[in-house]
Amino acid sequence: MKSVYEDLIVTGVDARDAEDVIRQVGQHLLKNGFVKDTYIDAVALREKEYPTGLQLKDLAVAMPHTAGVHVITPAVCIAKLAHPVTFRHMGDPDTLVEAELIFMMAIQDPNAQLETLQKVMGVFTNEAAVAQFKAAADKAALYKVAQTYIG
Amino acid sequence: MVEKKTVIQNATGLHARPASQLTQLCKKFPESIRLVDGEKSVDPKSIIALLSAGLKCGTPITVQVTGDQEEAVCGQIVAFIESLTE
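This structure is a prediction, so every number in the text was calculated from the model and none was measured.

Parameters and conventions
Residues numbered from 1 in each chain as written. Chains lettered and ligands numbered in written order. Predicted model: local features only at pLDDT ≥ 70, side-chain atom pairs only at ≥ 80, totals over all residues. Heavy atoms only, no water. Buried < 20%, exposed > 50% of the residue type's maximum accessible area, 1.4 Å probe, protein only. Helix = DSSP H or I, 4+ residues; strand = E, 2+ residues; numbered from the N terminus. Pairing = 2+ DSSP bridges. Axes fitted to C-alpha atoms, helices over the stretch in contact; angles between N-to-C directions. Parallel < 35°, antiparallel > 145°, perpendicular 65-115°, else oblique. Left-handed = near helix turned anticlockwise from the far one by under 90°. Contact = heavy atoms within 4.5 Å. Nonpolar A, V, L, I, M, F, W, Y, C, P; charged D, E, K, R; others polar. Phe/Tyr/Trp six-rings, centres within 6.5 Å; stacked < 30°, edge-to-face > 60°. Lys NZ or Arg CZ within 6 Å of the ring centre and 35° of its normal.

So, on to the pairing of strand E5 (residues 96-106) of chain A. For a regular strand, the rule is simple: side chains alternate between the two faces of the sheet. Residues and elements named next belong to chain A. Of all 11 residues making up E5, eight are buried, and the element is well covered by its neighbours. As paired strands, strand E3 (residues 60-62) and E5 are joined by two bridges and run parallel to one another. Across the sheet, Val 61 pairs through a bridge with Leu 101, a residue of E5. In the sheet, strand E4 (residues 75-88) pairs with E5 via 10 bridges, with the strands oriented antiparallel. Counterpart to Ala 75 in the pairing with E5 is Ala 106.

What follows is the structure, given as structure tokens:
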């Protein structure tokens, strides 16, 4: 199942906090017709109760998402932040991470969530992949890496 | 070591929300914990390892706990997994 679209590759997101990241990045999913207008608020709300920050070896990321009722077409919006933004850790909400890369997921079928998460985890556990995501200097490079590892 | 067998019962498996809750539960315990699914053995204190394992509905798993309160901890973890509904 296709998850990566050129219109959903974003760089230079200048955000003040996690909610601002979600609202800015979510706009790309919304304006390109992948999600309903309820999606962004739902993601922001979910992140407060169930944070999605993760600390990898050399990079922190976040993967905000919400229930499938807010989604029109499944996709992953990948955003590089202009500067790190604090997210709470998924496995330990008392721990904070400084996320530089965001994988905002629009998953429509709840039964497909696990598969999508596994695909994204496959990136996070692959040091070479993480290095390539980190090194991607522009949208074109980021899109190419995302297509390679997420598809 | 104590081990108990169970099955992932909720329809969507150990996706983000239940996986986060399971990791947070397991991290409260000093005991060593593993979830064994066939050949795979996962440390549920690592959310990345847990999500990478992709434990779907219907997957039989064995919860293995080693430590002072291994019996009680194993019971709590199995009870949590069996309580999942979404």
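With that out of the way, let us pick up the packing of helix H1 (residues 16-27) of chain B against helix H3 (residues 70-83) of chain B. Residues and elements named next belong to chain B. Two numbers describe how H1 lies on H3: the axes approach to 11 Å, and their chain directions differ by 170 degrees. Between H1 and H3, the angle is such that the two are roughly antiparallel. Pair H1 / H3 crosses with right-handed handedness. Across from Pro 18, Gln 21, Leu 22, Leu 25 and Cys 26 in H1, the residues of H3 making contact are Gln 76, Ile 77, Phe 80 and Ile 81. Grouping the amino acids of the contact of H1 with H3 by side-chain chemistry returns seven nonpolar, two polar and no charged.

Our next topic: the sheet that holds E3(A). All names here are of chain A. Reading across from one edge, E1-E4-E5-E3-E2 is the order of the five strands in this open sheet, with mixed pairing throughout. Looking at strand neighbours, the two that pair on one side only are strand E1 (9-13) and strand E2 (53-55), the edges of this open sheet. Strand-to-strand, the axes of this sheet are offset by a mean angle of 25 degrees, without reference to chain direction. The sheet contacts of helix H4 (residues 127-135) involve E4 and E5, and relative to E4 the element is tilted by about 80 degrees.

A few words now on the packing of aromatic side chains. Each pair of aromatic rings is reported with the distance of its centres and the angle of its planes. Residue and element names in this part refer to chain A. Using the criterion set out here, one finds four aromatic pairs over all chains in the structure. Each ring, one from Phe 103 and one from Phe 124, has its centre 5.1 Å from the other, and the planes form 75 degrees; the classification is edge-to-face. Separated by 21 residues along the polypeptide, Phe 103 in strand E5 and Phe 124 in helix H3 (residues 113-124) bring together distant segments of the chain. A relative accessible area of 1% places Phe 103 in the buried class. Among the aromatic residues, ring-to-ring pairing joins Phe 103, Phe 124, Phe 133 and Tyr 149 into one connected group. Across from the ring centre of Tyr 5, 4.5 Å away, lies the NZ or CZ of Lys 2, which sits over that ring.

Nothing here speaks to function; it is all geometry.
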